[in-house]
Structure formats: C-alpha cells, structure tokens
Amino acid sequence: MIILSIETSCDETAVSLLQISGSPTSPKIKILGNALYSQVKIHEKYGGVYPNLAKREHQKNLIPLLKKVLKESGSFEPTTRNQRPTNKLQKILEREAELLEQFLNFVLKIKKPRIDAIAVTEGPGLEPALWVGINFARALGEVWNVPVVPVNHMEGHFMSVLWTDIADQRRKNADKRRKKKRRINYPVLALLISGGHTELVYSKIPHKYRILGETRDDAVGEAFDKVARLLGLPYPGGPAISRLAEQARNKAQIRDSKSQTRSKSEIRKEHARFVLPRPMLNSPDYDFSFSGLKTAVLYLTEGKKLSAKDMGKIAREFEDAVTEVLVKKTAKALASQKVKTLIIAGGVVANKTIRKSFQKLALQNPKIKLYIPTRALSTDNSIMIGIAGYARIKSNPKLLGGRKSIRAQGKLRLSG
Ligand code: KG4
Ligand code: ZN
C-alpha cells in the first residue's frame, strides 16, 4: 500500500510517501520520498511556538514539500490537461488562502500519483496548525479521489519505533539492514515524552490505550525549553541543554581522572551547590511534575552571574534529575504490569543520556524488548504518521471507504 502522510501539529511541516506492507505490528516500510521543514528558526525569537505563525508557515511550505517528495519518489508528472477547481475544493481550502493559490497552481497541473491513502495528523497539537494539514489532506483526497485517514500524533510517536534506520535508505546495504524488522509485541508499556506530552501508557492490544500516568504541569520537553531559556540558551532547549550537559560530563570526567588530590567529599561539596529536586520520584502513582524543577533552576540562577562551568553543571544536574524520575517511574510500571515491549518515544528521546539510561534499564529486564526510535524519528516527522495510518487501516479497512469528516482536535488523547 502506498501512503502519503502529512504532519503539521506543531512547528515541523512534514510530508512523506511510504510503501508499506505486511503485518501492522511489524511492517515492511520503504520510504519513497520524505521532506521536512523545521520552523525552529522562525519561532526562536519568541522562545516558543507561535500558533498563527506556525499556521502561515505550514500553508507556505506544504506544496514545496509535496513537490519534493513526488520528485524524489519519481511520481512527479506534469500534465497539460488543466483541471478546473471544483466548488468543493475551493470550500475545503477557503480558510487557507495562501495554500489554495499554490495548490491550484501545482496539484491541478500534475498527474495523479499512485497513492492508496492519505494519513494526516488530527491531534493533539495546535489547532490552527493541525487544520492546515487536515484541509490540505482533504483537498488532495478530493482532487485525487483518495481516502483520508486521521492519525493521533501520539500514536505516531508510539509507532515511530517501527522504522529502523532512515539514514540507511540510500546506502548499498540498506535492504539487508531493513530486513531486521522490528515487531511490537503486546502488551506494550510506552513512555511518550515530547514538547507537549509526558505520559506513561499501557496498551494490551493495538490501538487501545490506558494512560497510567502523565504530567500534572509541564511536559518534559517544555521543562527543557524553559530551563534553557533561564540559562540563556536558544530555543528549542532540549538539544542545547543536552550539548552543554554532555560537555560538562566529559570535562568532569577528565578533571576527576587527572586530579588524585581532590577527595570524594570535595567533589561532592562542589556538586552540592547545584543539586536539584527529583519531583514525585517516590509518589505512589505514575504521574510526573516538572514545573518545580524549572523553579528550582530559577532560584539557582536568579540574579547570579554564572560561569560557563556553572551553567554546564546545572544543565547536567537538570538532565540527571529528569532522567532519574523518568526511569524510576517507568521501572515501577514495568514491575507492576505484564509487558513484552517497552517503547520510549517523542522528541525528548533524542537526548543521549535518556536513551542510555533506558538501555541500562532494559539490561535489567532481559525478557522485555526495548524500542527507541532513531534520533531522526524521535522528533516530529511524517514517517511515523504514515506508519500509524497504515496500522489503523489494517485494523479497520472500512477507513478506506468511509468519508468521515476530520476535525482538528488540539487535546486529543490516546484512549481505549
Ligand atoms: O516530539 P517533538 O518533536 O514535538 C512535540 O510533539 O512536542 O518534541 C519536541 C521537544 C522539544 O521540547 C525539544 O526541546 C525536545 O523535544 N528535544 C529534546 C532533545 N531534542 C529535542 N529534549 C532533550 N534532549 C534532546 N536532545
Ligand atoms: Zn510530537
């Protein structure tokens, strides 16, 4: 099956064309074309994502990305037969004026590519941004007469682990490597950690989810972003903090190995200056809270002129605090539920310390298979939306026939 997938829930505009076959829990995936435009630079000066600006950027970028994907996959074919826009098409895109103009100039002037379904993110996310992707998908579906399947963005993150190596697709031995397919065996425990979400989810059977616990305030990614801001680091904060923490860790290792003169208590004393809390580490539930951690960093930094070394120590301690809480809560959930596959996914899992800590946890639980997405598929992308769309279609083929209306659902939750 060939799926065109579209993701516009936040500040990444992404389009891909996938050829997928086989079991939905262990599909064979071939990326025919993939294009992603990150708006990070545009939102940087606001220190966060500005919804209406994101919406405008998605409108501007979707057609160029689609064109790139079609060209990459060899399915771009201009035609001289000029199709006329139907009233329905104009109506679908009436709120996306900028997109409509480009759409008419491009989509109506190419041959219909071979596509069996269009998968698009319906939520959760920023509604103005989600609507652009949904209306774009509906408009394409209308012109090409292809069904549109809505996808939950968080299920996309969950399924992102099924793709094994994006960088490999053009290498010679790509096929050999791709044969090492992954399989999601149920029951699954998933920790989904992104800029908008932090949730521990239990899934006994495909597409049925029970949220065991979630954040009561800030999401982990949001905490990274806010702490980075306090330290004067650029948006998004995750990668910036990760880099600083890693440098600090490497330097500390070199320093400690060189100096035999420093006693352990001396090292500990120095470290104690920057100790941060581990919020809700021992609470009797599976919930998280990260806003206190951000406030604690504020107290450490407020009114102080910090040296680069101090900043590194704070970044490292912050990363350690977050990791400790995430790992402990996940370990507790693992111990209390029957689990075959552990999935850690979402933008924050691009973080090396967090990845390594979960790999360590997996070593202590040899019966459980740990899956983490490649770093490229950790943050938002449309490949994961296509994979999740395929799984949905496989479990409910009626989706291909129905013409259910799709609405942006900013607060959509994974549910049973
Ligand atoms: O999944 P994602 O791309 O978007 C949402 O659905 O929210 O996640 C974005 C979040 C941002 O908060 C960003 O700071 C964080 O993921 N992030 C990281 C790293 N790379 C991205 N957090 C920690 N370490 C990283 N290396
Ligand atoms: Zn996401």
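Residues numbered from 1 in each chain as written. Chains lettered and ligands numbered in written order. Predicted model: local features only at pLDDT ≥ 70, side-chain atom pairs only at ≥ 80, totals over all residues. Heavy atoms only, no water.

For the rest of this paragraph, the subject is the site of ligand 1. Around ligand 1 there are 19 residues in total, and G195, D225, G238, G347 and D380 lie nearest to it. In this structure, H157 approaches ligand 1 through a side-chain N or O atom, which is 3.2 Å from an oxygen atom. Here an oxygen atom of ligand 1 and a backbone polar atom of D380 are 2.9 Å apart. Contact with the protein chains covers 90% of the free accessible surface of ligand 1, which is 550 Å². Among the cavities detected, the one that contains ligand 1 is the largest pocket. It is helix α9 (residues 237–258) that contributes the most residues to the shell around ligand 1, 4 residues altogether. (Near = heavy atom within 4 Å. Polar contact = N/O pair within 3.5 Å; in protein donor to acceptor, adjacent residues only side chain to side chain. Areas by Shrake-Rupley, 256 points an atom, 1.4 Å probe, with all protein chains shown as cover. 1 Å grid on protein atoms, 1.4 Å probe; cavity = no way out; pocket = protein on both sides within 12 Å on 5 of 7 lines; lining within 4 Å. Sits in = over half its atoms within 2 Å of the grid points. Helix = DSSP H or I, 4+ residues; strand = E, 2+ residues; numbered from the N terminus.)

A few words on the coordination of the zinc ion (ligand 2). Taken together, the protein donors to the zinc ion (ligand 2) comprise H153 (NE2), H157 (NE2) and D380 (OD), at separations of 2.0 to 2.1 Å. Counting residues between consecutive donors of the zinc ion (ligand 2) along the chain gives the motif H-x3-H-x222-D. Placement of the pair is H153 and H157 together in helix α6 (residues 153–159), with a separation of 4 residues, close to one helical turn. As far as the burial class goes, H153 and H157 line up, both buried. (Donors = N, O, S within 2.8 Å, 3.2 Å for Na, K, Ca; no water. Buried < 20%, exposed > 50% of the residue type's maximum accessible area, 1.4 Å probe, protein only.)

Once that is clear, we can look at the sheet that holds strand β4 (residues 117–123). One open sheet accounts for 5 strands, arranged β3-β2-β1-β4-β5; its pairing is mixed. One side of each edge strand has no neighbouring strand; the edge strands of this open sheet are β3 (28–38) and β5 (148–152). For this sheet, the mean inter-axis angle between neighbouring strands, taken without regard to orientation, is 20°. Across 5 bridges, the pairing between β4 and β5 is parallel. (Pairing = 2+ DSSP bridges. Axes fitted to C-alpha atoms, helices over the stretch in contact; angles between N-to-C directions.)

Their axes nearest at 10 Å, the elements helix α8 (residues 220–230) and helix α11 (residues 291–301) cross at an angle of 10°. For the element pair α8 / α11, the angle class is roughly parallel. Residues K226, V227 and L230 of α8 touch α11, and the partners they reach there are K294, V297, L298 and T301. Tallied by class, residues from the contact of α8 with α11 come to 4 nonpolar, 1 polar and 2 charged. (Parallel < 35°, antiparallel > 145°, perpendicular 65-115°, else oblique. Contact = heavy atoms within 4.5 Å. Nonpolar A, V, L, I, M, F, W, Y, C, P; charged D, E, K, R; others polar.)

With mixed pairing, the 5 strands of this open sheet are ordered in space as β8-β7-β6-β9-β10. Every other strand in the sheet has two partners, leaving β8 (210–214) and β10 (369–371) as the edge strands with one partner each. Taking each pair of neighbouring strands and ignoring which way they run, the sheet shows an average axis angle of 15°. Looking at chain direction, strand β7 (residues 198–203) and β8 are connected through 4 bridges and run antiparallel. Residue pairing across strands places Y202 opposite R210, the latter belonging to β8. Packed onto the sheet, helix α12 (residues 308–336) meets β6 (188–193), β7, β8 and β9 (341–345) and runs at close to 160° relative to β6.

A few words on the pattern of salt bridges. The final tally for this structure, using the stated rule, is 21 salt bridges. Close ionic contact of E77 with K111 constitutes a salt bridge, the shortest N to O distance being 3.0 Å. A residue pair is termed long-range when its members are at least 10 positions apart, and E77 in the loop between α2 (51–73) and α3 (87–92) and K111 in the loop between α4 (97–106) and β4 qualify at 34 residues. Assessed through its relative accessible area of 41%, E77 is described here as partly exposed. Judged by relative accessible area, K111 falls into the partly exposed class, the value being 44%. (Salt bridge = Lys/Arg side-chain N within 4 Å of Asp/Glu carboxyl O.)

This part is about the environment of K67. Checked against the element boundaries, K67 lands in helix α2. For the pair K67 and V107, spaced 40 residues apart in the sequence, the C-alpha separation amounts to 9.1 Å. Each residue touching K67, except ones within four places of it in the same chain, is listed here: F76 and F106.

A surface patch of positive charge is lined by K28, K30, K181 and R183. Within the element layout of this structure, R183 appears in the loop between α7 (174–178) and β6. (Patch = residues over 30% accessible without salt bridge, like charges linked within 9 Å, V, L, I, M, F, W, Y side chains within 5 Å. Lys, Arg positive; Asp, Glu negative; His and termini not counted. Charge placed at Lys NZ, Arg CZ, Asp CG, Glu CD.)

On to the side chain of D218. In this fold, D218 is placed in the loop between β8 and α8. A polar side-chain atom of D218 sits 3.3 Å from a polar atom in the side chain of K226.

With that out of the way, let us pick up unusual backbone geometry. Following Y186, the chain continues to P187 via a peptide bond in cis, the omega torsion being 0°. Along the chain, P187 falls in the loop between α7 and β6. Following Y235, the chain continues to P236 via a peptide bond in cis, the omega torsion being -10°. Although it is not a glycine, N145 adopts a positive phi angle of roughly 55°. Within the secondary structure, N145 is located in the loop between α5 (127–144) and β5.

Moving on, we come to the pairing of β4. Across the 7 residues of β4, 7 count as buried, placing the element largely inside the fold. Note that strand β1 (residues 2–7) and β4 share 4 bridges and pair parallel. Residue pairing for β4: L4 is matched across the bridge by I118. Between the parallel elements β4 and β5, the chain passes through α5 in a crossover that is right-handed. (Right-handed = clockwise from strand over helix to strand, strands pointing away.)

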